[in-house]
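Results of the structural survey
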Amino acid sequence: MLEDGFAALDSRVDAARREVAGALDERVRGLHDDQRETRDHVRGMSDHLARADHAVPTLRDDITTLTSLVRTLHTDLGNLADRLLTPETTAKSTDDEQPVPAAGQAVPTQTPQDPPPVAEPGNAAQPPAPATTPQGATVTTEPTPGEQPSQEENDQALKRAVEAAYRGAPAGQPAPAPQPPAAEAQDPRVAHGVLLLRAAGVALAEVIAHRHTWEWLAGRAAGHDHFRTPPAIDDLPDGRITTTISGRSLIALLIVLWEIREASGLDGDWALATTAYQRADTALSGVTDQGTTIRIVLDDGYDEAEEDSDGPGPARQGR
């Protein structure tokens, strides 16, 4: 009996061992399959990333080519616009449209054109004069249009024009008289540049205004690199102040006022900027000799009779 029990127990142990071994083998095979699928997925992702890395340079080349095409299109459109606005083209088209006289009709005589002026010896050649088209656009005739000038070339040409205009009215001489309406085609940027050069030669500029106006001016110019807060601000009657600023601070103030005047609508900022800019322009244009402190006065409408009764104050000296 005991031997039969041991034999039955061995049979059960062998059956359990085979069952456990079969379960382990099945589990191991499942893990191997999962590992194979994971490896295949990782390999597929690597292939996708490799194709994406290969496509990025191609995409960059396409963007560069498209940018070049857009720039070329802009250049062609600019050249086309210049040709359409060239006075010679307009004059040629007008001549081509002259009516042909009928038989027996008198042919109108053409008025001879004045000969071109002869340059005197020693005079430098004058740059091409700007011409105004019927649409109001100002263009400059060039011998050969060629390519459009770059921004740097435009800036250099503008600075040369400003310096030439500034040398036309040297320091120590009164400002030239206003030109007739025919000379109104001057680029306003040239006049602005001349004003900045005049301000650069100023040591001190006295400003007289209401405190509120001065706070607006100083607040707008405070962020400019060349502006420096004046060391002292003296009070005058009725809320007015007087202070002095350097030529460097005056340059910053003129630049800020110019930008506000160009960017603002018909509002208070535009009115304040325009008035202050014009007063500074008048003061700088009126300098006739060295050592003179210019005075910028924003004080219209003040009762001079009342001030005269109290005695002359510093606000009215030299006004």
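Residues numbered from 1 in each chain as written. Predicted model: local features only at pLDDT ≥ 70, side-chain atom pairs only at ≥ 80, totals over all residues. Heavy atoms only, no water.

Turning our eyes to something else, we now look at the overall build of the protein chain. Scanning the protein chain for helices and strands turns up eight helices and six strands. Taken from N to C terminus, the helices and strands of the protein chain fall in the order α-α-β-β-α-α-β-α-β-β-α-α-β-α. Considering only intrachain contacts with a sequence separation of at least 6, the fraction spanning at least 24 residues in the protein chain is 63%. Total accessible area on the protein chain is roughly 23800 Å²; 56% of this is exposed by carbon and sulfur atoms. (Helix = DSSP H or I, 4+ residues; strand = E, 2+ residues; numbered from the N terminus. Contact = heavy atoms within 4.5 Å. Areas by Shrake-Rupley, 256 points an atom, 1.4 Å probe, with all protein chains shown as cover.)

The next point concerns the pattern of salt bridges. Enumeration according to the criterion identifies nine salt bridges in this entry. Put simply, Asp-33 and Arg-36 hold a salt bridge, and the shortest N to O gap is 2.9 Å. In this pair, Asp-33 and Arg-36 both sit in helix H1 (residues 2–85), three residues apart, roughly one turn of the helix. A relative accessible area of 42% means that Arg-36 is categorised as partly exposed. Residues Asp-269 and Arg-220 are paired through a salt bridge, measuring 3.6 Å at the closest nitrogen-oxygen approach. Highlighted residues: Asp-269 in helix H7 (residues 268–285) and Arg-220 in helix H5 (residues 211–221), separated in sequence by 49 residues. Judged by its relative accessible area of 38%, Arg-220 is partly exposed. (Salt bridge = Lys/Arg side-chain N within 4 Å of Asp/Glu carboxyl O. Buried < 20%, exposed > 50% of the residue type's maximum accessible area, 1.4 Å probe, protein only.)

Attention now goes to the side chain of Thr-243. Within the secondary structure, Thr-243 is located in strand S5 (residues 240–246). Separated by 2.8 Å, the side chain of Thr-243 and the backbone oxygen of Ala-232 make a polar contact. Leaving out residues up to four positions away in the same chain, Thr-243 has contacts with Ala-205, Glu-206, Val-207, Trp-214, Pro-230, Ala-232 and Ile-233. (Polar contact = N/O pair within 3.5 Å; in protein donor to acceptor, adjacent residues only side chain to side chain.)

A few words now on the nonpolar core. What tends to happen in soluble globular proteins is that the nonpolar side chains get buried as a cluster. Of all hydrophobic cores here, the largest spans 34 residues; its most connected members are Trp-214, Leu-217, Leu-250, Leu-254, Leu-257 and Leu-284. Of all the secondary-structure elements, those providing two or more residues to this core are helix H4 (188–200), strand S3 (204–210), H5, S5, helix H6 (247–263), H7 and strand S6 (294–297). Residue contributions to this core peak at 10 residues, all from H6. Contacts of Leu-284, omitting those with residues within four sequence positions, involve Leu-195, Arg-198, Ala-199, Val-202, Leu-250, Leu-254 and Ile-294. (Core = buried A, V, L, I, M, F, W, Y, C linked by side-chain atoms within 4.5 Å.)

Let us look at H6. A rise of 1.5 Å per residue sets the reference length of H6, with its 17 residues, at 24 Å; its end C-alpha atoms lie 24 Å apart and thus fit the reference within 8%. In terms of residue burial, H6 counts as a mostly covered element, since 13 of its 17 residues are buried. (Expected span 1.5 Å × (residues − 1).)

Attention shifts here to the sheet that holds S5. Backbone-to-backbone hydrogen bonds pair the strands of a sheet. The strands run either parallel or antiparallel. With mixed pairing, four strands are arranged side by side in an open sheet as S4-S5-S3-S6. Here the strands that pair on one side only, and so sit at the sheet edges, are strand S4 (233–235) and S6. Across the sheet, the mean angle from the axis of one strand to that of its neighbour is 20°, orientation sign disregarded. Running over the sheet, H5 touches S3, S4 and S5 and is turned about 125° from S3. (Pairing = 2+ DSSP bridges. Axes fitted to C-alpha atoms, helices over the stretch in contact; angles between N-to-C directions.)

The next thing to look at is a nonpolar patch on the surface. Nonpolar side chains collect at one region of the surface, where Leu-2, Phe-6, Leu-9 and Val-13 lie side by side and expose about 410 Å² of accessible area between them. Look at Val-13 and you get partly exposed, because its relative accessible area is 42%. (Patch = residues over 30% accessible without salt bridge, like charges linked within 9 Å, V, L, I, M, F, W, Y side chains within 5 Å.)

This prediction gives the protein chain a mean pLDDT of 74; 68% of its residues lie at or above 70. The model gives residues 128–141 a pLDDT under 50, and that stretch makes 24 contacts with residues more than four places away or in other chains. Note on residues 170–185: pLDDT under 50 across the span, and eight contacts to partners over four residues away in sequence or across chains. (pLDDT = per-residue confidence, 0-100.)

Between H5 and H7, the least distance of the axes is 11 Å, while the angle of their chain directions is 90°. Taken together, the axes of H5 and H7 lie roughly perpendicular to each other. In this structure, H5 contributes Trp-216, Leu-217 and Arg-220 to the contact, and H7 contributes Asp-269, Leu-272, Ala-273 and Ala-276. Residue classes in the contact of H5 with H7 are distributed as five nonpolar, no polar and two charged. (Parallel < 35°, antiparallel > 145°, perpendicular 65-115°, else oblique. Nonpolar A, V, L, I, M, F, W, Y, C, P; charged D, E, K, R; others polar.)

Attention now goes to the pairing of S3. Of all seven residues in S3, five are buried; the element is thus mostly enclosed. Two elements, S3 and S6, share four bridges in a ladder whose sense is parallel. The residue bridging Ile-208 from the neighbouring strand is Val-297, located in S6.

Here the focus is the environment of Leu-195. The residue Leu-195 is located in helix H4 in this model. For Leu-195, a relative accessible area of 3% gives the class buried. For the pair Leu-195 and Tyr-166, spaced 29 residues apart in the sequence, the C-alpha separation amounts to 8.5 Å. Once you skip the residues sitting within four places of it in the chain, Leu-195 turns out to touch Leu-254, Tyr-277, Ala-280, Asp-281 and Leu-284.

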